[in-house]
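# Topology and contacts: notes
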Amino acid sequence: MVIVLNKIKTYFSKPQNIILLLFGIVLTFTTVAPIVAIVEDTFKIHPGTIDAHLTGKASGYSFANYVDLFTSKLARTNLWTPLLNTVLLAVFTCLISILFGGLFAFLITRTNLKCKKYLSSIFIFPYIMPQWTLAVVWQNVFNSNAVTGTSNGLLASLFNITMPKWWCLGLFPSAVVLGLHYAPFAYILIGGIFRNMDANLEEAATILDTPKWKTMFRITLPMVKPAILSTILLVFGSAMGSYPVPHYLGLTTLSTKYISMNSKYTGEASILAIIMMIFGVAILLMNQMSLKSRKNYTTVTGKSGQISKINLGKVGKYLIAVILIVITFFTSIFPILSFALETFLPNPGDYSFLYTMDSSALTTKWWLTDNNGQPGILHNPLIWRAFKGTMLVAVCCALIAGTIGTLIGYAVSKNRRSKWANYVNGVAFLPYLMPSLAVGAAFFILFSNDKINLFNTYTLLIIAGVIKYIPFASRSALNSMLQLSGEIEEAAIIQDIPWYKRMLRIIIPIQKSSIINGYMLPFMTCLRELSLFLLLCTQGFILSTTLDYFDEMGLYAFSSAINLILIVTILIFNTLVNKLTGSSLDEGIGGK
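How each quantity is defined
Residues numbered from 1 in each chain as written. Predicted model: local features only at pLDDT ≥ 70, side-chain atom pairs only at ≥ 80, totals over all residues. Heavy atoms only, no water. Helix = DSSP H or I, 4+ residues; strand = E, 2+ residues; numbered from the N terminus. Rg over C-alpha atoms; globule rule 2.2 N^0.38 Å. Buried < 20%, exposed > 50% of the residue type's maximum accessible area, 1.4 Å probe, protein only. Contact = heavy atoms within 4.5 Å. Phe/Tyr/Trp six-rings, centres within 6.5 Å; stacked < 30°, edge-to-face > 60°. Lys NZ or Arg CZ within 6 Å of the ring centre and 35° of its normal. pLDDT = per-residue confidence, 0-100. Axes fitted to C-alpha atoms, helices over the stretch in contact; angles between N-to-C directions. Parallel < 35°, antiparallel > 145°, perpendicular 65-115°, else oblique. Left-handed = near helix turned anticlockwise from the far one by under 90°. Nonpolar A, V, L, I, M, F, W, Y, C, P; charged D, E, K, R; others polar. Expected span 1.5 Å × (residues − 1). Bend = angle between axes of the 7 residues up to and from the residue. Disulfide = S-S within 2.5 Å. Patch = residues over 30% accessible without salt bridge, like charges linked within 9 Å, V, L, I, M, F, W, Y side chains within 5 Å. Areas by Shrake-Rupley, 256 points an atom, 1.4 Å probe, with all protein chains shown as cover. Salt bridge = Lys/Arg side-chain N within 4 Å of Asp/Glu carboxyl O.

What follows concerns the overall build of the protein chain. What the protein chain contains, in helices and strands, is 29 helices and 0 strands. In terms of C-alpha radius of gyration, the protein chain reaches 26 Å, essentially the compact-globule figure of 25 Å for 592 residues. Over its C-alpha atoms, taken along the principal directions, the protein chain stretches across nearly 75 × 75 × 50 Å. Burial analysis of the protein chain (592 residues in total) assigns 53% to the buried set.

This is the structure we're talking about:
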């Protein structure tokens, strides 16, 4: 008995064990409970919905939802078509982001391209901006009254060019927009490997007179394989759960179908959310399997310091730079100009001032005066109340998720061989791989019922945000903590310095840039989140749902202004952190 007590005492004398035990239990509940709730909801009979009609009961449990969703006449419309569209969207998004981001990373790190620093910093912009930004810009440029039945975009107004329907709506524009949004993921992950890659293998291939294309496919690409798999892991689930982009660009996916079915087909909508979750878990398992079989390309000969840069030629290095500057202008700078311009147009799509060159055609009425009972943007209480709510949720999520993630990263790095530590690490990362809308749906079911009703409260948004964004901080902290030698902390333990002082005085100061990133990423993501919060609060509660409200009202100047406010806020905070800490997302690839 004494031996057991001593073992327990020794176990709990180590702070990392207490952290792992505490967060293991908490995260198991917060991750597993919503999943259990949503699974239960698929069998539940909801009064006033299709399952109550099919079973003739007002309460209880039944398989009616599964039978109806998979076998009824509406199965194709409600399940198979949205499922196919969702998978195609996720696959094409992965392809576009890896090809565009990977090619960009290659040009920045392995060639003598000009303007690298500018291109590297501007390329990150689409990821920093809200997901729907490029979707709205796509509409503003390519839509036309003849094809989409909306107000004319820039091309139709100025040049009378009408783009075909497949270009304006559906799978193609959705995949391009999401691919461009997630390309910075591929750039950061693939660029990091390209930059630090051992050049000995490529040099050996050159000495053996191996053709360039063979060297690329046999040596370079296999070495980048881990980064490509990481990109797929991060992008696939995010693309599957994207609601705003397919919603704006008229593509029926599982996410948009969930929103339209949720009121009358509640149980069936929950099955759609589970299907999205299954894909997230499947991608994680596939990634784990590929990790086990991954080949090792490390060489014993020491690292070659000279990575041979490919010469693009006297004209090529300027020409490619100009092409990339034009592309990044349209993906990064043009959206900000476009939103600013939309807020000064007298009517949506009225670009007449561009060919009359009469600036008096522009108006400040949307900013300053009342319109159809809506006060101007600058003194609109709905917008500024939502802005305060957004800031409150983002700051709380960042502080809580950042702190929990840092502690988990520390504890896992100390016990990295323990199965429990790996379990806690996995449970902390799981919500990130699940589509945002499915996670939001699970929290909606768990916390919006007769027993607990937190619907439309900041508390619920903060809980959902924290669980979803802990992976940002835990991964960032874990990677940085693994670089720290144990002897640094051991020296402080010998001096009998308490744990909190060791963290605050030694560990955090050494790894401050990684830890600050762990706080900043949840903050910036939370500011522009819509899919996760869409089901958890009413329109007008935070900025992203308020934007949705103004879009439905047809007040596009107001929704453009909210987009502008969000983008400017994110860029200001991003720049402040860069200046204060000297760290940025693209640092070490081409940024510095």
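Below, the discussion takes up the side chain of Ser 174. Position of Ser 174 relative to the elements: it lies in helix α12 (residues 171-195). When sequence neighbours within four positions are dropped, the list of residues in contact with Ser 174 reads Leu 89, Val 245, Pro 246, Leu 249 and Leu 251.

We now examine the packing of aromatic side chains. In total, this model carries 33 aromatic pairs according to the counting rule given. Measuring from centroid to centroid gives 5.9 Å for Phe 70 and Trp 80, while their planes differ by 70°, and the two rings are edge-to-face. Residue Phe 70 is found in helix α4 (residues 64-71), and its partner Trp 80 is found in helix α5 (residues 75-110); the two are separated by 10 residues along the sequence. Judged by its relative accessible area of 35%, Phe 70 is partly exposed. Residue classification places Trp 80 among the partly exposed residues on the basis of a relative accessible area of 42%. An aromatic cluster of three or more residues is present, and its members are Trp 138, Phe 142, Trp 166, Trp 167 and Phe 172. Cation over ring: Lys 468 sits above Tyr 432, and NZ or CZ is 5.5 Å from the ring centre.

The next subject is the confidence of the model for the protein chain. In this model, the protein chain carries a mean pLDDT of 83, and residues with pLDDT of at least 70 account for 93%. Confidence drops under pLDDT 50 across residues 296-302; counting only partners more than four residues distant or on other chains, this segment forms 10 contacts.

Now for helix α6 (residues 116-123). Buried residues of α6: Lys 116, Leu 119, Ser 120, Ile 122 and Phe 123, and no others. Where α6 is buried, its residues contact α5, α7 (125-128), α12 and α18 (316-342).

With that settled, the discussion passes to unusual backbone geometry. Phi is positive for Asn 160, close to 60°, though the residue is something other than glycine. In this structure, Asn 160 sits in the loop between α10 (154-159) and α11 (165-168). For Asn 160, a relative accessible area of 66% corresponds to the exposed category. We note that Asn 456 has phi near 65°; this positive angle belongs to a residue other than glycine. Position of Asn 456 among the secondary structure elements: in the loop between α23 (436-447) and α24 (458-481).

Further remarks concern the environment of Ser 476. Relative to the assigned elements, Ser 476 resides in helix α24. Judged by its relative accessible area of 16%, Ser 476 is buried.

In contact at an axis separation of 12 Å, α5 and α18 are set at 140° when each is read in the N-to-C sense. Between α5 and α18, the angle is such that the two are oblique. Relative to α18, α5 is oriented so that their crossing is left-handed. Along the contact surface, α5 presents Phe 100, Phe 104 and Leu 107, while α18 presents Ile 320, Leu 324, Ile 327 and Thr 328. Split by residue class, the contact of α5 with α18 holds 6 nonpolar, 1 polar and no charged.

Turning our eyes to something else, we now look at helix α14 (residues 212-240). When the terminal C-alpha atoms of α14 are compared, their 36 Å separation across 29 residues is substantially less than the 42 Å that a helix rising 1.5 Å per residue should span. Along α14, the sharpest kink reaches roughly 45°, centred on Lys 225 and followed within four residues by the proline Pro 226.

Turning to its location among the elements, Thr 390 is positioned in helix α21 (residues 381-414). The buried category is assigned to Thr 390, whose relative accessible area is 4%.

A separate point is the packing of α21 against α24. Packed helix pairs are characterised by how far apart their axes lie and by the angle those axes make with each other. For the pair α21 and α24, interaxial distance at closest approach is 5 Å and the crossing angle is 40°. Accordingly, the angle class assigned to the pair α21 and α24 is oblique. The interaxial crossing formed by α21 with α24 has right-handed handedness.

Take the environment of Lys 212 next. Here Lys 212 is to be found in helix α14. Between the C-alpha atom of Lys 212 and that of Ala 282, which follows or precedes it by 70 residues, the distance is 36 Å.

Let's shift gears to the state of the cysteines. This structure, assessed with the given rule, holds 0 disulfides. Note on Cys 396: no disulfide assigned, nearest cysteine sulfur contributed by Cys 397 at a separation of 7.2 Å.

Taken together, the side chains of Met 1, Val 4, Leu 5, Ile 8, Tyr 11, Phe 12, Ile 18, Leu 21, Ile 25, Trp 420 and Tyr 423 make up a nonpolar region of the molecular surface, amounting to roughly 1000 Å² of accessible area. Element by element, the count of residues in the nonpolar patch is highest for helix α1 (residues 2-13), at 5 residues. By the secondary structure assignment, Ile 25 is in helix α2 (residues 15-43).

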